[in-house]
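One-letter residues, chain by chain:
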Amino acid sequence: MNPIHLHESAAAYLVIAAFLLAAGIFGLIRRRTLIGMLISGEIIFSAAGLNFMAVNRFMAPDPSVGQIFVLFLMGIAAAEVAIALSIIIAVYRNYRSIHSTELSELNG
Amino acid sequence: MTPFPFSEYIVAAIFWLFAAFAVAGAAIAALSTRVIRSVSGLALCCVGLAGLYYFLNSPFLALMEILIYVGAVCVTIIFGVMLSEPDEPARQGSERREALWGAVAGAVCAAVFVGIAQLGLRGVWPVHAPAGDELWSVERIGVQLLTTYSFAFEVISLVLLVAILGALAIAHGGRRKE
């Protein structure tokens, strides 16, 4: 594989998307605050978007479908961030903490 | 017309730069202990992704990525950081236990990465002839959004509206009078 023409092959984008997914999953497991977990979730969303666009560019007959789909994905991600942040702020008001280990009232 | 000298190498270098932005940003976001650095890593990752979208023939999505993620999502998360105390607490368990869990998480993520990357590299993908430039135009996206995908477009507008109202209600309802 020629590193000069790598941007014309789907594999480069798919590998980058796989790395973003792995980094997001690692963050979701290891971060111990709700905001850190939210950021990791956003990275997973981005990985999905990049994958959609790579497949759209190299393998789809109609390229506008993938772009519209990724646009909807960004809209869903933005809505998710708005809801999640307001929940985090409500949790902080009630518990004075957003560390996932301390939010254990339902822990049996 | 002769092309600009070394233009091939310059394009490749810009591609590598944006790919490095995306990868480094994701690594910073996942690994740093201070949340504000994670947010900066997310912003860097999104700038890199915008560049990759540009290389994938879609300047429209590159613009949207910068606008929505860097401009809106990261700024909103920074507001959340300001309103709470998000820095990671000191780990409470023993060192060995923490190291063990870290190793397990790393192994799981490495397995995910290697598996999916192999799928991408080795898989046999159906290849279509590259679509013509007229199919990539922003005009076509706009026409499709208002014809074929008009229902989905309306639904996502409604979802965003409900999300904003819900966020306001949740953030306001938790407030106690002091």
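Residues numbered from 1 in each chain as written. Chains lettered and ligands numbered in written order. Predicted model: local features only at pLDDT ≥ 70, side-chain atom pairs only at ≥ 80, totals over all residues.

Caption draft 1: Spatial organisation of the overall build of chain B. Along the backbone of chain B there are six helices and zero strands. Along its sequence from the N terminus, chain B presents helices and strands in the succession α-α-α-α-α-α. Relative to the 2.2 N^0.38 estimate, which gives 16 Å for 178 residues, the radius of gyration of chain B is 22 Å and therefore markedly larger than a compact globule would have. Sequence separation of 24 or more characterises 48% of the internal contacts of chain B that already satisfy a separation of 6 or more. (Helix = DSSP H or I, 4+ residues; strand = E, 2+ residues; numbered from the N terminus. Rg over C-alpha atoms; globule rule 2.2 N^0.38 Å. Contact = placed C-beta atoms within 7 Å.)

Caption draft 2: Broad picture of the overall build of chain A. A tally of regular secondary structure across chain A gives three helices and zero strands. A compact globule built from 108 residues would reach a C-alpha radius of gyration of about 13 Å, whereas chain A, at 18 Å, exceeds it by more than 25%. With respect to the principal axes defined by its C-alpha atoms, chain A has extents near 55 × 30 × 25 Å. Within chain A, contacts between residues at least 6 apart in sequence are counted, and of these 49% link residues at least 24 apart.

Caption draft 3: Region of interest: the packing of helix α3 (residues 63-95) of chain A against helix α3 (residues 59-83) of chain B. α3(B) packs onto α3(A) with a crossing angle of 5 degrees between their chain directions and a minimal axis gap of 10 Å. Accordingly, the angle class assigned to the pair α3(A) and α3(B) is roughly parallel. Contacts from A:Gln67, A:Val70, A:Leu71, A:Met74, A:Ala78, A:Val81, A:Ala82, A:Leu85, A:Ile88 and A:Ile89 in α3(A) reach B:Phe60, B:Leu61, B:Met64, B:Ile68, B:Ala72, B:Val73, B:Thr76, B:Ile77, B:Gly80 and B:Leu83 in α3(B). Taken together, the residues that form the contact of α3(A) with α3(B) break down as 17 nonpolar, three polar and no charged. (Axes fitted to C-alpha atoms, helices over the stretch in contact; angles between N-to-C directions. Parallel < 35°, antiparallel > 145°, perpendicular 65-115°, else oblique. Nonpolar A, V, L, I, M, F, W, Y, C, P; charged D, E, K, R; others polar.)

Caption draft 4: Expanded view of the interface of chain B and chain A. Facing 73 residues of chain B, the contacting portion of chain A comprises 65 residues. Taken together, the elements giving at least two residues each to the side of chain B that touches chain A come down to α1 (7-31), α2 (35-55), α3, α4 (95-122), α5 (138-146) and α6 (150-173) of chain B. Residue composition of the side of chain B that touches chain A, grouped by class: 56 nonpolar, 13 polar and four charged.

Caption draft 5: Representation of the nonpolar core within the structure. Formed by 67 residues in total, the largest nonpolar core has its most connected members in A:Ile16, A:Ala17, A:Leu20, A:Leu50 and B:Leu52. Where this core is concerned, the elements lending two or more residues are α1 (10-30), α2 (34-59) and α3 of chain A together with α1, α2 and α3 of chain B. Among the elements that make up this core, the one with the highest residue count is α1(A) (14 residues). (Core = buried A, V, L, I, M, F, W, Y, C linked by C-beta atoms within 7 Å. Buried ≥ 20, exposed ≤ 12 C-beta atoms within 10 Å, placed from the backbone.)

Caption draft 6: Seen up close, α2(A). Taking 1.5 Å of rise per residue, 26 residues should cover 38 Å, and α2(A) covers 37 Å from first to last C-alpha, within 8% of that figure. Burial of α2(A) is extensive: 20 of the 26 residues sit out of reach of the surface. (Expected span 1.5 Å × (residues − 1).)

Caption draft 7: Spotlight on the confidence of the model for chain B. Residues and elements named next belong to chain B. In the predicted model, chain B carries a mean pLDDT of 86, and 91% of its residues have values of at least 70. Mean pLDDT across the secondary structure elements of chain B bottoms out at α4, with 88, and peaks at α2, with 94. The ipTM assigned to the predicted complex is 0.90, against a pTM of 0.89. (pLDDT = per-residue confidence, 0-100.)

Caption draft 8: Expanded view of the domain arrangement of chain B. Each assigned domain of chain B is listed here: domain 1 (1-88) and domain 2 (137-178). Taking only C-alpha atoms into account, the centre of domain 1 of chain B sits 24 Å from that of domain 2 of chain B. (Domains from an automatic or database assignment.)

Caption draft 9: Representation of unusual backbone geometry within the structure. In this structure, B:Asn57 is a non-glycine residue whose phi angle is positive, near 75 degrees. Structurally, B:Asn57 is set in the loop between α2 and α3.

Caption draft 10: Expanded view of the environment of A:Phe45. Residues and elements named next belong to chain A. Along the chain, the position of Phe 45 falls in helix α2. Here Phe 45 falls in the buried class, since 20 other C-beta atoms lie within 10 Å of it. Each C-alpha atom of the pair Phe 45 and Val 70 lies 9.8 Å from the other, and the pair is 25 residues apart in sequence.

Caption draft 11: Up close: the packing of α1(A) against α2(A). Residue and element names in this part refer to chain A. Two elements in contact, α1 and α2, have axes whose closest approach is 8 Å; the angle formed by their N-to-C orientations is 165 degrees. Judged on the interaxial angle alone, α2 and α1 are roughly antiparallel. Pair α1 / α2 crosses with left-handed handedness. Split by residue class, the contact of α1 with α2 holds 17 nonpolar, seven polar and no charged. (Left-handed = near helix turned anticlockwise from the far one by under 90°.)

Caption draft 12: Representation of the confidence of the model for chain A. For chain A, the average pLDDT comes to 87, and 98% of its residues sit at 70 or higher. Mean pLDDT across the secondary structure elements of chain A bottoms out at α3(A), with 90, and peaks at α1(A), with 92.

Caption draft 13: Fine view of the environment of A:Ala47. Residue and element names in this part refer to chain A. Checked against the element boundaries, Ala 47 lands in helix α2. C-beta crowding within 10 Å serves as the criterion here: with 25 such atoms nearby, Ala 47 is assigned to the buried category. Residues Ala 47 and Arg 32 lie 15 residues apart in sequence; the distance between their C-alpha atoms is 22 Å. Beyond its immediate sequence surroundings of up to four residues, Ala 47 is in contact with Ala 17, Leu 20, Leu 21 and Gly 24.

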